[in-house]
Amino acid sequence: PAAEVHAQSKAEKPKPPKLSAPVRKKLQPAQEAFEKGDFDTALTLANEALALAKEPDDTVISLQILRAASARKNDLVGFARYSEQLLTLNALPEDERKKTEENLARIYFQQKDYAKSRQWATRCVEAGGGAPALEVLAATYLIENDCKNGIGPYEKSLEGREPT
């Protein structure tokens, strides 16, 4: 039994990413710059790595660094762009995907791009996102005075909540 548990834990460990040499050469200092708080350098190097990407992991890891550095700089446009690319590549685990879709819905709502906000909120709701995604979805309709379509998601967002 102990050998089986050990074999299972070994099998469950994620494989290290396979990076091409030129991309690794850019991403290693990009990661170091990120860890030091030099987000501009991290962005520059990760963008250079992305341009050199040959392997799927090259692209995914480059985009993850770009997204993280954009987030730390409060660059919501960059964060949204890199998040969308990661979602297109299906490179995020399910829980992170839902949270990212919800974040995109909120970002586009703040930017007053209600159609794009609605698109991401709908995707998140369809994937099992809860009340926060429903609230954003409802808000995209209500802010445009489309009460007919907004009330349903709003009511669903309230289900199961205790009255205050």
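In this text the structure is predicted, and so the values were computed from the model without any measurement.

Chemist: So what exactly am I meant to see when it comes to helix 4 (residues 56–72) here?
Modeler: At 3.6 residues per turn, the α-helix brings residues three or four places apart onto the same side. Helix length check: helix 4, at 17 residues, gives a terminal C-alpha distance of 25 Å against a target of 24 Å (1.5 Å per residue), a fit within 8%. All of the buried residues along helix 4 are Asp58, Val60, Ser62, Leu63, Ile65, Leu66, Arg67, Ala69 and Ser70. Tucked inside the fold, the buried residues of helix 4 contact helix 2 (21–35), helix 3 (39–52), helix 5 (76–88) and helix 6 (94–110).

Chemist: When you look at a nonpolar patch on the surface in this model, what are you seeing that I'm missing?
Modeler: A cluster of nonpolar residues, Leu142, Ile151, Tyr154 and Leu158, forms a patch on the protein surface that exposes about 320 Å² of accessible area. If you tally residues by element for the nonpolar patch, the top one is helix 9 (residues 147–158), at three residues. Tracing the chain through its elements places Tyr154 in helix 9. On the accessibility criterion, Tyr154 (38% relative accessible area) is partly exposed.

What counts, and at which threshold
Residues numbered from 1 in each chain as written. Predicted model: local features only at pLDDT ≥ 70, side-chain atom pairs only at ≥ 80, totals over all residues. Heavy atoms only, no water. Helix = DSSP H or I, 4+ residues; strand = E, 2+ residues; numbered from the N terminus. Expected span 1.5 Å × (residues − 1). Buried < 20%, exposed > 50% of the residue type's maximum accessible area, 1.4 Å probe, protein only. Contact = heavy atoms within 4.5 Å. Patch = residues over 30% accessible without salt bridge, like charges linked within 9 Å, V, L, I, M, F, W, Y side chains within 5 Å. Areas by Shrake-Rupley, 256 points an atom, 1.4 Å probe, with all protein chains shown as cover. Salt bridge = Lys/Arg side-chain N within 4 Å of Asp/Glu carboxyl O.

Purely spatial values, then, with no claim about function.
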